[in-house]
Amino acid sequence: GDYELGGYPDYMAKEIAEQPEAAQRVLRGRLDERLGTARLDGLRFTARELRGIRRVKFLGCGSAYYAGQVGAGLVEELARVPADAEPAAEFRYRNPVVDPDCLYIAVSQSGETADTLATVEELQRKGGRVVGAVNVVGSAIARECDSGVFLHAGPEISVASTKAFTNMAVAFALLALTLGRVRDLSLAEGRRIAGALAELPERIGQVLAESDRIASLAGRFADAEHVFFLGRVRGWPVAREGAQKLKEISYVHAEAYQASELKHGPLALVDPAMPSVVLIPDDELAAKNLGTIEQVKARGGPVVAVTTTGLAVPGADEVVRIPSAGPELDPVLLTIPLQLLAYHTARKLGRDIDKPRNLAKSVTVE
Ligand code: G6P
């Protein structure tokens, strides 16, 4: 085909490396830095309709669900509109209450996932307003939704989603900004977020430049039987996606926990053989996260902290640093070192990275 590997050993490496350009594409023509807002013309909503949205719910499977969770955080934070994410299959089978004032967003890279498509149909039957956040133009979900936002990540071949996940999160930041600016988000704050979004592709490139350093940490994970990914609030969906990536391509057992829940059970599992990856955004909860490191270290657990360049992280055995895009957008950047961590661990273990056992790129049957 015309979608070649180039010099890369596999598609996952290629797709990770493509993220700066992919992010550029999802942003193109959609940011207004002067007015500190965004425009998502594909949604086909007037400002009045945007203001009428009382709730936002993201629905998807796997990484699309975790990206939705990042999106829900952004919508609540920037627009102060209640938002959440739910796995599409859970939603469709529990006979959900469909709220006419809720904006439902069907999130899917392929646009073909059976449970997500069925969720769209169920919502339409019950009068829900559902839009797509889809990568593949012309796919079933894109056709079924009358409007939406295309992700423009380009073809994603590797089963483990990377650039599509990032573009989902960036698209949801654009949505959150749009919703915020027809509500209470100030011009100055809107401009700050729009400016940070414009710079995001470059920042992603800076994170990717750390690939060798992250590769050098992979041995810790390749030798482990279990790994914790710990994060709270902004770091929590990032931790979930990080655990997902590690288990799907390296087959190392990984679990994500809210760092705040550690002492209520999972701390019993921590020992010198079980490393923890602790996500530490440079936000008002940084001190709490440093406390989490202490809790893990006190039980002899090795800690790899993933944080921004500005924050001192005493106590961690290893620290991976990313340049900050501001606390709201840092979850997008914090995800990228975790892709690299999973990737290099899987390589060290000799896994079939693009086609992990038992998994399919898109699950089109139930
Ligand atoms: C499969 C893939 C995952 C993906 C999920 C949703 O399980 O292995 O990587 O996140 O489907 O796919 P979608 O195409 O709907 O985003």
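Going by the structure above, here's the rest.
Residues numbered from 1 in each chain as written. Predicted model: local features only at pLDDT ≥ 70, side-chain atom pairs only at ≥ 80, totals over all residues.

*Asks:* Just to check I follow, could you spell out the overall build of the chain for this structure?
*Replies:* When helices and strands are tallied, the chain shows 14 helices and twelve strands. A compact globule built from 366 residues would reach a C-alpha radius of gyration of about 21 Å, and the chain, at 20 Å, matches this within 12%. By its C-alpha atoms, the chain is 55 × 45 × 40 Å across when sized along the principal axes. Relative to its full complement of 366 residues, the chain shows a buried share of 54%. Across the chain, contacts joining residues at least 24 apart in sequence account for 75% of those joining residues at least 6 apart. (Helix = DSSP H or I, 4+ residues; strand = E, 2+ residues; numbered from the N terminus. Rg over C-alpha atoms; globule rule 2.2 N^0.38 Å. Buried ≥ 20, exposed ≤ 12 C-beta atoms within 10 Å, placed from the backbone. Contact = placed C-beta atoms within 7 Å.)

*Asks:* Would you mind going over the site of the ligand with me for this structure?
*Replies:* Taken together, the neighbourhood of the ligand is formed by 17 residues, with Gly62, Ser108, Gln109, Ser110 and Thr113 sitting nearest. In terms of residue class, the shell around the ligand is made up of six nonpolar, ten polar and one charged. (Near = placed C-beta within 6 Å. Nonpolar A, V, L, I, M, F, W, Y, C, P; charged D, E, K, R; others polar.)

*Asks:* Just to check I follow, could you spell out the environment of Ala268 for this structure?
*Replies:* Relative to the helices and strands, Ala268 resides in the loop between strand S9 (253-258) and strand S10 (276-280). Note on Ala268: 10 C-beta atoms within 10 Å, which makes it exposed. Taking C-alpha positions, Ala268 is 41 Å from Gly132, a pair spaced 136 residues apart along the chain.

*Asks:* I keep staring at the sheet that holds S10 and nothing clicks. Help me out?
*Replies:* Two modes of strand pairing occur in sheets, parallel and antiparallel, and in both the strands are linked by backbone hydrogen bonds. Spatially, five strands are ordered S9-S8-S10-S11-S12 in an open sheet, and the strand pairing comes out parallel. Edge positions in the open sheet fall to S9 and strand S12 (318-322), since each of these has one partner strand only. Across the sheet, the mean angle separating the axes of adjacent strands is 20° when strand polarity is ignored. The strands touched by helix H13 (residues 286-298) are strand S8 (226-231), S10 and strand S11 (303-308); relative to S10, the strand with the most contacts, the crossing angle is about 165°. (Pairing = 2+ DSSP bridges. Axes fitted to C-alpha atoms, helices over the stretch in contact; angles between N-to-C directions.)

*Asks:* So what exactly am I meant to see when it comes to the pairing of S8 here?
*Replies:* Looking along a regular strand, one sees the side chains alternate between the two faces of the sheet. For S8, the buried fraction is high: five of the six residues fall into the buried class. When S8 meets S9, the two strands line up parallel, connected through six bridges. Paired with Gly231 across the bridge in S9 is Gln258. As a crossover connection, the stretch from S8 through helix H12 (residues 236-250) into S9 is right-handed. Sheet topology places S8 next to S10; three bridges connect them, and they run parallel. Paired with Leu230 across the bridge in S10 is Val278. (Right-handed = clockwise from strand over helix to strand, strands pointing away.)

*Asks:* Before we go on, may I ask you to explain helix H6 (residues 114-125) in this structure?
*Replies:* For an α-helix, the turn length of 3.6 residues means that residues three or four places apart are oriented alike. Over its twelve residues, H6 runs 17 Å from end to end, which matches the ideal 16 Å to within 8%, given 1.5 Å per residue. Of the positions making up H6, those classed as buried are Asp115, Thr116, Leu117, Thr119, Val120 and Leu123. On its buried side, H6 packs onto strand S3 (55-60), helix H5 (88-93), strand S5 (102-108), strand S6 (129-134) and helix H7 (140-144). Two residues or fewer past H6, Gly127 is found with a positive phi of approximately 80°. (Expected span 1.5 Å × (residues − 1).)

*Asks:* Where do I start with the nonpolar core in this structure?
*Replies:* One recurring pattern in soluble globular proteins: nonpolar side chains tend to sit buried together. Grouped together as the largest cluster of nonpolar side chains are 122 residues, with contacts concentrated most on Val75 and Met168. Here the element with the most residues in this core is helix H8 (residues 163-181); it accounts for 13 residues. In this structure Val75 touches Val56, Val81, Ala83, Leu175, Ala176 and Leu179, once residues within four positions along its chain are discounted. (Core = buried A, V, L, I, M, F, W, Y, C linked by C-beta atoms within 7 Å.)

*Asks:* When you look at helix H14 (residues 330-348) in this model, what are you seeing that I'm missing?
*Replies:* Between its first and last C-alpha, H14 extends 28 Å over 19 residues, near the 27 Å set by a 1.5 Å rise per residue. At the C-terminal side of H14, Gly350 shows a positive phi close to 70°.

*Asks:* Please explain the sheet that holds S5 as it appears in this structure.
*Replies:* Taken together, the five strands give an open sheet; going across it, the order is S4-S3-S5-S6-S7, and neighbouring strands pair in parallel fashion. Edge positions in the sheet fall to strand S4 (83-87) and strand S7 (148-150), since each of these pairs with one other strand and no more. Averaged over all pairs of adjacent strands, the angle between their axes in this sheet comes to 20°, without regard to strand direction. When S6 meets S7, the two strands line up parallel, connected through three bridges. When the bridges of S7 are listed, Gly132 appears paired with Gly148. Where H6 meets the sheet, it contacts S3, S5 and S6, and its direction lies at approximately 160° from that of S5.

*Asks:* Just checking my understanding: could you explain the pairing of S4 for this structure?
*Replies:* The pairing of S3 with S4 spans five bridges and is classified as parallel. Directly across from Phe58, in S4, lies its bridge partner Ala85. Taken together, S3, helix H4 (residues 63-79) and S4 form a β-α-β motif whose crossover is right-handed.

*Asks:* Teacher, can you tell me more about the environment of Ser324 here?
*Replies:* Position of Ser324 relative to the elements: it lies in the loop between S12 and H14. By C-beta crowding, Ser324 is classed as buried, having 20 other C-beta atoms within 10 Å. Through-space distance from the C-alpha of Ser324 to that of Asp282 is 7.9 Å; in sequence the pair is 42 residues apart. Beyond its immediate chain neighbours, meaning those up to four positions away, Ser324 contacts Asp282, Thr308, Thr309, Gly310 and Asp330.

All quantities given are derived from atomic positions and should not be read as evidence of function.
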